[in-house]
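Residue-level structure breakdown
So the chains spell out like this:
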Amino acid sequence: LAKTTQPISMDSYEGQEVNITCSHNNIATNDYITWYQQFPSQGPRFIIQGYKTKVTNEVASLFIPADRKSSTLSLPRVSLSDTAVYYCLVGEMDSSYKLIFGSGTRLLVRP
Amino acid sequence: ETGVTQTPRHLVMGMTNKKSLKCEQHLGHNAMYWYKQSAKKPLELMFVYSLEERVENNSVPSRFSPECPNSSHLFLHLHTLQPEDSALYLCASSQGPSGGTSYEQYFGPGTRLTVT
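Residues numbered from 1 in each chain as written. Chains lettered and ligands numbered in written order. Predicted model: local features only at pLDDT ≥ 70, side-chain atom pairs only at ≥ 80, totals over all residues. Heavy atoms only, no water.

Some points on the pattern of salt bridges
Note on pairing: side chains with opposite charge can pair once their charged atoms come close. Going by this rule: The working definition used for a salt bridge is a side-chain nitrogen of Lys or Arg within 4 Å of a carboxyl oxygen of Asp or Glu. Secondary structure counts use DSSP, requiring at least four H or I residues in a row for a helix and at least two E residues in a row for a strand, with both numbered from the N terminus. Buried means the residue's accessible area, taken with a 1.4 Å probe over protein chains only, is under 20% of the maximum for its type, while exposed means over 50%, and partly exposed covers the values in between.
Considering all chains together, one arrives at 2 salt bridges over all chains under this definition. The shortest N-O distance in the salt bridge between arginine 110 of chain A and aspartate 11 of chain A comes to 2.7 Å. Of this pair, arginine 110 of chain A sits in strand 9 (residues 105-110) while aspartate 11 of chain A sits in strand 1 (residues 9-13); the two residues are 99 residues apart in sequence, bridging distant segments of the chain. Close ionic contact of aspartate 85 of chain B with arginine 63 of chain B constitutes a salt bridge, the shortest N to O distance being 2.7 Å. A residue pair is termed long-range when its members are at least 10 positions apart, and aspartate 85 of chain B in the loop between strand 8 (73-79) and strand 9 (87-94) and arginine 63 of chain B in the loop between strand 6 (53-57) and strand 7 (64-70) qualify at 22 residues. Arginine 63 of chain B matches aspartate 85 of chain B in its accessibility class, with the two residues each being buried.

Set out below in structure tokens:
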């Protein structure tokens, strides 16, 4: 499994765009990149998943450069409720049970 | 509503007690998972069941015993736990790994376990 590296924490203010970058230098050809969000004392929640280029859904965008050695989760116009831990995971589609959660990035959104 | 429920939500037990955690998924998934999350530590994958067969056991002590009677239910039986086992225990389910088009895992709210 490809190891991922993320910043431990980030601070932002309401209404700003937040970009969290994840490094995964050893990503394999069949690996997908997935991001989860976790609030205190709750289970993680799936945010977005992608393989290459850009993926966008109603809550976030995921940017993946051509070499796929990194990815950036972009949260547009964050609110206080976006304060959470964000996890970047890399793995094959057929190995969902092999998801390994790292320490994640603790995002604090201030008023 | 995540479609994955866990009971109880909170549990306090002594080191000599025996208790069980229950997880139920209403999503028609065929894989279920137990995770442990200790304070300020990453989630640790404990057990994985796929089609009711255990496919992963990450060197978990025998005082934790999982049971998956059918694809919708997952139990974690606890006995003679240690204080360091106090943590949030999370259950999850997914469509994968076999036949899945996404490995999105749906998590329950967790059971906050305190061992005294």
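A closer look at unusual backbone geometry
Residues and elements named next belong to chain B. Backbone torsion omega between threonine 7 and proline 8 reads -10 degrees, so that peptide bond is classified as cis. Along the chain, proline 8 turns up in the loop between strand 1 (4-7) and strand 2 (10-13). Look at threonine 80: it is not a glycine, yet its phi comes out positive at around 45 degrees. Relative to the assigned elements, threonine 80 resides in the loop between strand 8 and strand 9. Judged by relative accessible area, threonine 80 falls into the partly exposed class, the value being 41%.

Considering the sheet that holds strand 6 (residues 61-64) of chain A
All names here are of chain A. For the record, the criterion: For two strands to pair, DSSP has to find at least two bridges joining them. Every axis in this analysis is a line fitted to C-alpha atoms, fitted for helices over the stretch in contact. Angles between the N-to-C directions lie between 0 and 180 degrees.
Pairing is antiparallel in the open sheet, where 4 strands are placed in the order 2-7-6-5. Strand pairing shows two members of the sheet lacking a second neighbour, strand 2 (18-23) and strand 5 (53-56), which therefore form its edges. Across the sheet, the mean angle from the axis of one strand to that of its neighbour is 15 degrees, orientation sign disregarded. Relative to strand 6, strand 5 is paired through 4 bridges, and the arrangement is antiparallel. The residue bridging threonine 53 from the neighbouring strand is isoleucine 64, located in strand 6.

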